[in-house]
Amino acid sequence: MIDLILTPRYLEFRDECRQWLADHKPDGPIASMDTPEGFEQHREWERLLFDNGWSVPAWPIEYGGRGCDLMEWLIFEEEYWLAGVPGRVSANGISLLAPTIFNFGTKEQQDRFLPRMASGADIWAQGWSEPEAGSDLAGIRTRAVLDGDQWVINGQKTWCSRGAWADWIFCIVRTDPEAERHRGLTYILVPADSPGLDRRPVERLDGEPGFAEIFFDDCRVSAENVLGEVGQGWAVAMAAAGSERGLNLRSPGRFMAAARRLTDLARRIGAGGQGIDPRLRDEVTDAWIRAEAYRWQTYHTASRLMDGAEMGSEASLMKVFWSELDLELHATAMRLLGNRAELTGGAPDCVDGAAWLDGYVFALSGPIYAGTNEIQRNIIAERVLGLPRR
Amino acid sequence: MRFSFTEEQDMFRDTIRDLLSNRCSPSDIRVGIASDDGRVPGLWDALADMGVLAMLAPEEAGGLGMNEIDMVRVLEEAGYAGFPEPLGEHAAVAVPALVEGGAEHLASAAASGEITCTIGLDAGGPYIVSARIADLLVLEQAGRLWAVPSDAATFTEQPSIDATRRLTTVEFDTANATLLDAASVGMATDRAILSASAQCLGVSRRLLDATVEYVSQRHQFGKPVGSYQAVKHHLANVRIGVEFAAPLVYRAAWSVASPKSVAPADRSRDVSMAKALASDAVDAACRAALQCHGAIGYTIEYDLQIWLKRGWALSAAWGDARRHRSLVADAIGV
């Protein structure tokens, strides 16, 4: 059925989120999570969230969550992003790895990894891409060979976000060199302080070391750290790829908050003269409508999931839409700012601490990570529309 | 908070889909195009028999007592089928306006299909759809709605490119009309915009399905043209456009159907958001469908033209995307 009124239970939940976030919002901005000091400040924020039950509200209570339903989780996310509190340094673990551990992990693995992930004690980074395996992820060359009860890993991972300071890396490695492509891959969880693991920060477009290259030189990892079955890594990984592309990684709250800031910016800039250029007004409104469209599409999807439907390749539709929406929101703000758009945070004339520039640079990565939008459009064409592969 | 359709709603939609797929094929539509009145023989009566014309009339007036949420799904199917008669004008706008305006006899005659209605409201511009086959017109003048018998109006034909959507300008004198005093122009306008939005979705889906089928069969350079990425990405974009326009249309339908919960200004904003994305979606669908078909799509013999022309018309009808973005901008204070 369609009933878009928030019931008293949801309203109460929303007010509780809103109040807690208002009471605990840090006084000033904290350093970027992609700097050494900012990384630890964000870890402390994760701990504060966890201690109050807000780090993973949708998880079961036994792992530090509140057992929220999907609607509550979406409400939490809306409030979270509207509150203007720090970003989530643990997002990669919580959004991308945790669903896989819930689906494929043993009880021992769940008990061992999930509570420490929830509290920020362990921050996770994704080790999937390689220099020769980007869009063509099945071309992974990093190899692991079993020696007794340990896997010995050799090879290289790259574009590993948060990889420079993360505590753990979740990797896909080739365990059967005879097998072709998608076969013979294994999903394995690697402590970042393992002997034989070396990492080198890589500065991103904004100059911050948000990426890392990871080098494995006879790096030994316990066989207990394999997630799912040996040789089944592709299937295990793709289950998480659905989460990464769909609503788990990018809930609508983030874009609704950006859309609200964009309309505020348009009003502020328009207040100085005779309003803003009519074309910019049209673009601001288009971005705002699309943020709402993402919100309602997500609620529609969440309702159907709660009715028992399953999400498959449709996640690719969401990934293309939110990444292009994020870019549209920020590019429109850049056009509104005109000459001031390029000013960085230290410039006396910069607007809002150059948050739009930072957001724009980050938004530019959206159509690339989590599977490029070209790959997503191929998936939509072949698996949603049923067009011939070749 | 729930935002999905019930099994009953899906079943009702499926019944309409089956009926239209059996009775409103492209060749049926071409019979209408070639005829004087533009109608598909027998189809209006079949819809009346199923109660579709009476969906928005209350049960005590012989209607089905359904709401706009059910209605938009029927109108999506009408768009998908290319149904060439004024279903939205009649069932989604005129019937509830007659009910709300207290014209009981006219409302029950319209709900049963005894008379056919169309509408002319300021927001829809000067050209009225299917006026020549209408027995009754619900027309706006000086901010009020009037029920005007067709013999109290004069019509001037305005030939247009969509031969299934016959346009006229209309002049009338309120002396022979019934004032629908209690019916709201704003509500009628929002219902009309919502109806066009829902049909845009259906037209987009049909253009997409037809094009997927065509490019899967058409071979060039020894393989289906649908296997080329350039073609795939055009059609993926169409699918994305429909995917994100549809929830805004359903949400707007809920807003129109929930006057106790949604203030008129918010309802109008929600409807404009829906039309903005639905118009964008159908524009993109028309453009991609024609491009991916190539020259065959550029002919009058090929059936694609039915949906291309409907798409062009509906995209602009009741305000195009830019017009509705401007209304949304006013509503959100940009």
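Residues numbered from 1 in each chain as written. Chains lettered and ligands numbered in written order. Predicted model: local features only at pLDDT ≥ 70, side-chain atom pairs only at ≥ 80, totals over all residues. Heavy atoms only, no water.

(A) Quick peek at the sheet that holds strand β3 (residues 128-129) of chain B. All names here are of chain B. The strand order β3-β7-β6 describes an open sheet built from three strands, whose pairing is antiparallel. Strands with a single pairing partner mark the edges of an open sheet, and in this sheet they are β3 and β6 (153-157). Relative to strand β7 (residues 167-172), β6 runs antiparallel, the two sharing five bridges. The residue bridging F155 from the neighbouring strand is V170, located in β7. (Pairing = 2+ DSSP bridges. Helix = DSSP H or I, 4+ residues; strand = E, 2+ residues; numbered from the N terminus.)

(B) Looking closely at the packing of aromatic side chains. All names here are of chain A. Applying the stated criterion across every chain yields a total of 29 aromatic pairs over all chains. Relative to F76, the ring of W54 has its centre 5.5 Å away and its plane inclined at 0°; by these criteria the two rings are stacked. Of this pair, W54 sits in the loop between α2 (36-51) and α3 (70-82) while F76 sits in helix α3, placing them 22 residues apart in sequence. Of the two residues, W54 and F76, both sit in the buried class. Considering the side-chain rings of W59 and F102, the 5.3 Å spacing of their centres and the 85° angle between planes classify their relative orientation as edge-to-face. Taken as a pair, W59 in the loop between α2 and α3 and F102 in helix α4 (residues 91-104) lie far apart in primary sequence, 43 residues in all. We classify W59 as buried; its relative accessible area is 8%. An aromatic cluster is defined as three or more aromatic residues linked by ring pairs; in this entry it consists of F13, W20, W45, W54, F76, Y80 and W81. (Phe/Tyr/Trp six-rings, centres within 6.5 Å; stacked < 30°, edge-to-face > 60°. Buried < 20%, exposed > 50% of the residue type's maximum accessible area, 1.4 Å probe, protein only.)

(C) How the structure looks around the state of the cysteines. Evaluation of the coordinates by the stated rule reveals zero disulfides over all chains. With no disulfide partner, C219 of chain A has as its closest neighbouring cysteine sulfur the one in C171 of chain A, 8.4 Å distant. C286 of chain B carries a free sulfur, and the closest cysteine sulfur to it, the one in C200 of chain B, is 8.7 Å from it. You can call C286 of chain B buried: its relative accessible area is 4%. (Disulfide = S-S within 2.5 Å.)

(D) Summary view of the interface of chain B and chain A. Counting residues at the interface gives 44 residues for chain B, matched by 48 residues for chain A. For the chain B and chain A pair, buried surface summed over both sides reaches about 4600 Å², with 67% attributable to carbon and sulfur atoms. On the chain B side of the interface with chain A, the three residues burying the most area are M1, R2 and F244 of chain B, jointly 21% of the side's total. Taken together, the connections running from chain B to chain A amount to eight salt bridges. Across the salt bridge formed by D282 of chain A and R325 of chain B, the nearest N and O atoms sit 2.7 Å from each other. Taken together, the links from chain B to chain A amount to 20 residue pairs in polar contact (both at pLDDT 80 or more). Counting only elements with at least two residues in the side of chain B that touches chain A, the list comes to β1 (2-3), α7 (185-217), α8 (229-257), α9 (264-293) and α11 (321-332) of chain B. Among the elements that take part in the side of chain B that touches chain A, α8 of chain B stands out by supplying 15 residues, more than any other. A breakdown of the residues in the side of chain B that touches chain A according to their chemical character gives 23 nonpolar, eleven polar and ten charged. (Contact = heavy atoms within 4.5 Å. Buried area = accessible area lost by both parts, 1.4 Å probe. Salt bridge = Lys/Arg side-chain N within 4 Å of Asp/Glu carboxyl O. Polar contact = N/O pair within 3.5 Å; in protein donor to acceptor, adjacent residues only side chain to side chain. Nonpolar A, V, L, I, M, F, W, Y, C, P; charged D, E, K, R; others polar.)

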